[in-house]
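One letter stands for each residue in the lines below.
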Amino acid sequence: DGAVHMFQFGLARSVRTYRQPNQAQVSHIHFTNEGYKFGVTDYTGSLLLWRFEANPGSVNPYMNFQPHSTVARDFAFLDSGSMIATIGSSDSSYHLRLFDT
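## Quick word on the overall build of the protein
Next up, step 1: Of the regular secondary structure elements, the protein holds zero helices and nine strands.
Next up, step 2: Computed over its C-alpha atoms, the radius of gyration of the protein comes to 14 Å, within 12% of the 13 Å expected for a compact globule of 101 residues.
Next up, step 3: When its C-alpha atoms are laid out on the principal axes, the protein stretches across 45 × 30 × 20 Å.
Next up, step 4: Taken over 101 residues, the protein has a buried fraction of 35%.
Next up, step 5: Considering only contacts in the protein between residues 6 or more positions apart, those separated by 24 or more positions represent 31%.
Next up, step 6: With an accessible surface of roughly 6000 Å², the protein has 52% of that area assigned to carbon and sulfur atoms.
Next up, step 7: When the 7 positive and 8 negative side-chain charges of the protein are each reduced to one mean point, those points stand 7 Å apart.

## Focus: a nonpolar patch on the surface
Next up, step 1: There is a patch of nonpolar side chains on the surface, built from Ile29, Phe31 and Phe52 and spanning about 270 Å² of accessible area.
Next up, step 2: Tracing the chain through its elements places Phe52 in the loop between strand E5 (47-51) and strand E6 (63-65).
Next up, step 3: Classification of Phe52 as partly exposed rests on a relative accessible area of 36%.

## Notes on the sheet that holds strand E7 (residues 71-78)
Next up, step 1: An order of E7-E8-E9 is seen for the three strands of this open sheet, with the pairing classed as antiparallel. Every interior strand has two partners, whereas the edge strands, E7 and strand E9 (93-100), have only one. Sheet twist, expressed as the mean angle between neighbouring strand axes with direction ignored, is 15°.
Next up, step 2: Note: E7 against strand E8 (residues 83-90), seven bridges, orientation antiparallel. Following the sheet pairing, Ala76 is matched in E8 by Ala85.

## Description of the packing of aromatic side chains
Next up, step 1: This model, assessed by the stated rule, comprises eight aromatic pairs.
Next up, step 2: Ring centres 5.4 Å apart and planes at 90° place the aromatic pair Phe31 and Phe52 in the edge-to-face group. You can see Phe31 sitting in strand E3 (residues 26-31) and its partner Phe52 sitting in the loop between E5 and E6, a full 21 residues away along the chain.
Next up, step 3: Among the residues examined, Phe31 registers a relative accessible area of 43% and is labelled partly exposed.
Next up, step 4: Ring centres of Phe38 and Phe52 lie 6.0 Å apart, and the angle between their planes is 85°; on these two criteria the pair is classed as edge-to-face. In this pair, Phe38 is assigned in strand E4 (residues 37-42) and Phe52 in the loop between E5 and E6, connecting sequence segments 14 residues apart.
Next up, step 5: Classification of Phe38 by relative accessible area gives buried; the value is 2%.
Next up, step 6: Three or more aromatic residues link up through ring pairs in this structure, and these residues are Tyr18, Phe31, Phe38, Trp50 and Phe52.

## Some thoughts on the sheet that holds E4
Next up, step 1: What the four strands build is an open sheet, ordered E3-E4-E5-E6; its pairing is antiparallel. Lying at the two open borders of the sheet, with one neighbouring strand each, are E3 and E6. Neighbour to neighbour, the strand axes of the sheet diverge by 10° on average, direction disregarded.
Next up, step 2: Taken together, the three bridges between E5 and E6 define a ladder with antiparallel strand orientation. By the bridge assignment, Leu49 is partnered in E6 with Met63.

Basis of the calculations
- Residues numbered from 1 in each chain as written.
- Predicted model: local features only at pLDDT ≥ 70, side-chain atom pairs only at ≥ 80, totals over all residues.
- Heavy atoms only, no water.
- Helix = DSSP H or I, 4+ residues; strand = E, 2+ residues; numbered from the N terminus.
- Rg over C-alpha atoms; globule rule 2.2 N^0.38 Å.
- Buried < 20%, exposed > 50% of the residue type's maximum accessible area, 1.4 Å probe, protein only.
- Contact = heavy atoms within 4.5 Å.
- Areas by Shrake-Rupley, 256 points an atom, 1.4 Å probe, with all protein chains shown as cover.
- Lys, Arg positive; Asp, Glu negative; His and termini not counted.
- Charge placed at Lys NZ, Arg CZ, Asp CG, Glu CD.
- Patch = residues over 30% accessible without salt bridge, like charges linked within 9 Å, V, L, I, M, F, W, Y side chains within 5 Å.
- Salt bridge = Lys/Arg side-chain N within 4 Å of Asp/Glu carboxyl O.
- Pairing = 2+ DSSP bridges.
- Axes fitted to C-alpha atoms, helices over the stretch in contact; angles between N-to-C directions.
- Phe/Tyr/Trp six-rings, centres within 6.5 Å; stacked < 30°, edge-to-face > 60°.

What follows is the structure in structure tokens.
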């Protein structure tokens, strides 16, 4: 359903919702190696990035862009997490794109 929730082990319900239901289906979710940022790609071609923090404002993505016009299939944080590689499709062809965030 496109939602992204955080659960705490042992609790039945989510403790935080980063992305509400009824949005484009998520294709992948990844954390940086250090665990301080995470992101999702979806089937509209978008990539959304969050800082994994305890403050209430962290439920909103700090970056939201569309590197592919149809589907963002996957992505990876490179090095310290400031470089990102995405793979996706646009106009019936596939692309690998690199970004310095």
